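# Structure assessment
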Amino acid sequence: MAREIYLDNSATTRVFPETADYMRRICLEAYGNPSSMHHKGVEAEKILSEAARTLAGLLKVKPANLVFTSCGTESDNTAIIGGALAARRRGTHLVTTRIEHPAVLESMRFLEKQGFTVTYLPVDRDGIVSPESVHEAVRPDTVLVSVMHTNNEIGSLQPLAEIGRAVKDKNPAALFHTDAVQGFGKDRIFPRQLGVDLLSASGHKIHAPKGIGLLYIADKVRIQPMVLGGGQQRGLRSGTDNVAGAAAMAMSAGRLYQNFDEDIRALRAMKAVFIEEVLKIPEVRINGRTGEDSAPHIISVTVPGVRAEVLLHALEDRGVYLSAGSACASNRPHVSETLKAIGLSSDGTGSTLRVSLSVMNTEEDVREAAAAMADLIPFLRRYTRR
Amino acid sequence: MKYQSFLIKYAEIGIKGKNRHVFEEALVHQIRIALRTCGGRFAVNRTYGRMFVDCLSEYDFEEVTEKLSCVFGIWGICPVRAIDIMPIGELREAVTAFMAEEYPSGDHTFKVKTRRLNKEYPLESLEVNAELGNAVLTAMPRFTVDVHEPEIMMHVEIREKIYLYSHEIPGPGGLPCGVGGKTMLLLSGGIDSPVAGYMVAKRGVRLDAVYFNAPPYTSERALQKVKDLAARVARYTGPICLHNINFTPIQLYIYEKCPHDELTIIMRRYMMRIAEILAKKNDCLGLVTGESIGQVASQTLTALGVTNEVCTLPVFRPLIGFDKEEIVQVSKKIGTFETSILPYEDCCTIFVAKHPVTKPRAEVIRAHEKNLSEKIGDMVAEAISTDEIILIGADSEKILKRREDEA
């Protein structure tokens, strides 16, 4: 079997070994329920609040602004549905973009059924929404605006600070949410500087395990909780606290912030090498921007004349793992909304792969992956449906 | 324990003359296998020309009846209450209580049918019928008697004990597994082939299966889907030996050398050839496919003929006269439908021409196959020798032979 080259880090990441060790210790030793009155409970509670403190420090917010959830999807659902329902008497209008993750779009569709109206903003060919269009869309009855930080399919970055200003300028009461699941750990995100009221993040995209997510809620923002029960986390998210998950997320995030600038430079260098190599293959195109104004870890590649799934499986044989379009949507043949929104034809969307990097990759990984593609693509192009 | 026994009804085996005991023993064997996975202790007994599953411990009624209703050869399963021999006065109460439990609404027509095999019982069958009918009518006036077409036939069998039963859970019918030899099923991920396998297996035939895999054009999930389908069918047939053939090199070679509109038909001919070689190697007496006349271009009468001519073994096509909707109905009944409609590409659909030939001529196809003569023999041999063999049971999976082409 070929060496494993994992380039699907926007689907999920490998857990840092030291994080896995730490989790194991918590599971075996500090396994108490933070709600318990005895020592085991106090011990677990300390670990949990330490995790919140660490993450709050990285975001430059207060620990009391953070709520742990089960995943990015739950964070998005809670922020959007919970935020909209709590603000319902102020209005029933919402604004978002056409390239959001399904966790956001499905929340919007749910609210439409509850009587809300939603404006879906278009993006340009690079997958970027203009602050002017946001300014134009926000109305006096707008209760929430949701714009993602980093697009999961093409890695476009949104001008969040300008969008935040546009929202507040038009309607200071409207909440501004951002889905930062792909951006957290890849960009220094400070919600208070960006004018963001609600921010979603997820553990398993930053080398923590699946099953832990984070939601930042700014001071004075009211949310209708979605998970009801024992009143944990100030009643905002009931359910026994995921102590090991929260601690793992904090530990992995902390580790990413240690050599932040250096790591990001390395990711950008890998991205540049991969793009340079892959563009040597005839007709191959890169979607969206590729420089400092794009995510350091996501590359969207269109390979005309080859079905993305076939290339994916052929690369898999060489030990290279990546995804076709967006992994969340690729379980079934489904045309990517993002790729459609940036103007790709149906041939293009069916031939588009996503490469996503992490600090665990090396330049050698991307060189080998590009070489494997250069090797396979001419062969696969010989056999197409006629 | 609400029911102490299950009476097993088998329609067709009863008329098999001198071979009858062979079929009955096979059925007993299959029932024992089915019960092995159920919690509880059971005994399978044959007495007075009847087959009973006696429950020797507590058991889960749903589990046992579900497992039994997958055993080919069983026509019906009657849950039986067994009670000690008792005088008619007490029996009146016992039967009334049984009816009240089984049919609480009481709004039914019924008839009591007694078989008295124990001649020491003081009343004759007809007298018992009259007594018990009267007892039920007296206790529950909403019941009415209908001796010609009753909704409920209340059976009372007097032997060493008294056995009461009235309702019947349908079994799958057919003949017990294994009495009819073995066939090789061409299994794809679609709706038809698992149903075809089921139909043939229902006649007591064992199944091996062959799947034509086309990596990287098909994914690991497509193979998993085929394994899942085989596992569903194996609930009825017992473990299935699945041969996973890497068909990609042959498919690409045909693509390069033959006219594109004939690709599917030539591909199918090679699938049949490979399936036949595997069948002969594994003592199978025929091939089974899910074809139905006219369903797709490769299943027109002419195309079927052209595909068929490469085989010497008989090719069984149990769905030949079925409409798609009828096939879907069976696939829903046997629980393969939900898996079959999962959207993973199989090797037949990848390179399929937009306008494939519908009336291929054998001599033309044969002539075009000559383009393949340089390498195809070696490729077929290679495909067969590198097969992966997986034994697939209803809840288990065991690799018997690994792929050899994997470094």
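Quantities reported herein were computed from a predicted structural model and do not represent experimental measurements. (Residues numbered from 1 in each chain as written. Chains lettered and ligands numbered in written order. Predicted model: local features only at pLDDT ≥ 70, side-chain atom pairs only at ≥ 80, totals over all residues.)

All names here are of chain B. Running from amino to carboxyl end, helix H7 (residues 248-257) crosses helix H14 (residues 376-385) at an angle of 160°, the nearest separation of the two axes being 9 Å. Comparing the axis directions of H7 and H14 gives the class roughly antiparallel. Viewed along their axes, H7 and H14 form a crossing whose handedness is left-handed. Contact residues: H7 offers Pro249, Ile250 and Tyr253, while H14 offers Ile376, Met379 and Ala383. (Axes fitted to C-alpha atoms, helices over the stretch in contact; angles between N-to-C directions. Helix = DSSP H or I, 4+ residues; strand = E, 2+ residues; numbered from the N terminus. Parallel < 35°, antiparallel > 145°, perpendicular 65-115°, else oblique. Left-handed = near helix turned anticlockwise from the far one by under 90°. Contact = placed C-beta atoms within 7 Å.)

Attention now goes to the nonpolar core. Within the largest apolar cluster, 222 residues are counted, with the highest numbers of intra-cluster contacts made by Leu55, Val134, Ala247, Met249 and Leu311 of chain A together with Ala230 and Ala275 of chain B. Of the residues forming this core, the biggest block, eleven residues, is contributed by helix H8 (residues 263-281) of chain B. Discounting residues that sit within four places of it in the chain, Val134 of chain A has contacts with Val95, Leu121, Val129, Val145, Ile163, Ala166 and Val167 of chain A. (Core = buried A, V, L, I, M, F, W, Y, C linked by C-beta atoms within 7 Å. Buried ≥ 20, exposed ≤ 12 C-beta atoms within 10 Å, placed from the backbone.)

Turning our eyes to something else, we now look at the domain arrangement of chain A. All names here are of chain A. Structurally, chain A comprises domain 1 (5-14 + 259-382) and domain 2 (17-257). Between domain 1 and domain 2, the contact holds 30 residues from the first and 26 residues from the second. Of all elements in the fold, only helix H9 (260-278), strand E10 (298-302) and helix H11 (337-341) reach the threshold of two or more residues within the side of domain 1 that touches domain 2. Considering every element that reaches the side of domain 1 that touches domain 2, the biggest residue donor is H11, with four residues. Across the side of domain 1 that touches domain 2, the residue classes break down as eleven nonpolar, 13 polar and six charged. (Domains from an automatic or database assignment. Nonpolar A, V, L, I, M, F, W, Y, C, P; charged D, E, K, R; others polar.)

Here we come to the sheet that holds strand E12 (residues 323-324) of chain A. Residues and elements named next belong to chain A. Taken in spatial order, the four strands of this open sheet run E9-E10-E13-E12, and their pairing is antiparallel. Edge positions in the sheet fall to strand E9 (285-287) and E12, since each of these pairs with one other strand and no more. Where E9 lies against E10, three bridges are found, and the strand directions are antiparallel. Each residue of the ladder has a partner; that of Ile286, found in E10, is Val301. Sitting on the sheet, helix H10 (residues 308-317) is in contact with E12 and strand E13 (352-356), with an inclination near 45° to E13. (Pairing = 2+ DSSP bridges.)

On to the sheet that holds strand E10 (residues 182-186) of chain B. Residue and element names in this part refer to chain B. In space, the seven strands of this open sheet follow the order E14-E13-E10-E11-E12-E15-E16, with mixed pairing throughout. The sheet is open, and its two borders are formed by strand E14 (315-316) and strand E16 (397-401), each paired with just one other strand. Sheet topology note: the strand E13 (residues 287-288)/E14 ladder contains two bridges and is parallel. Residue pairing in the sheet places Val288 in a bridge with Phe316 of E14. Running at roughly 160° to strand E12 (residues 240-246), helix H6 (residues 220-237) makes contact with strand E11 (206-213), E12, strand E15 (388-392) and E16 of the sheet.

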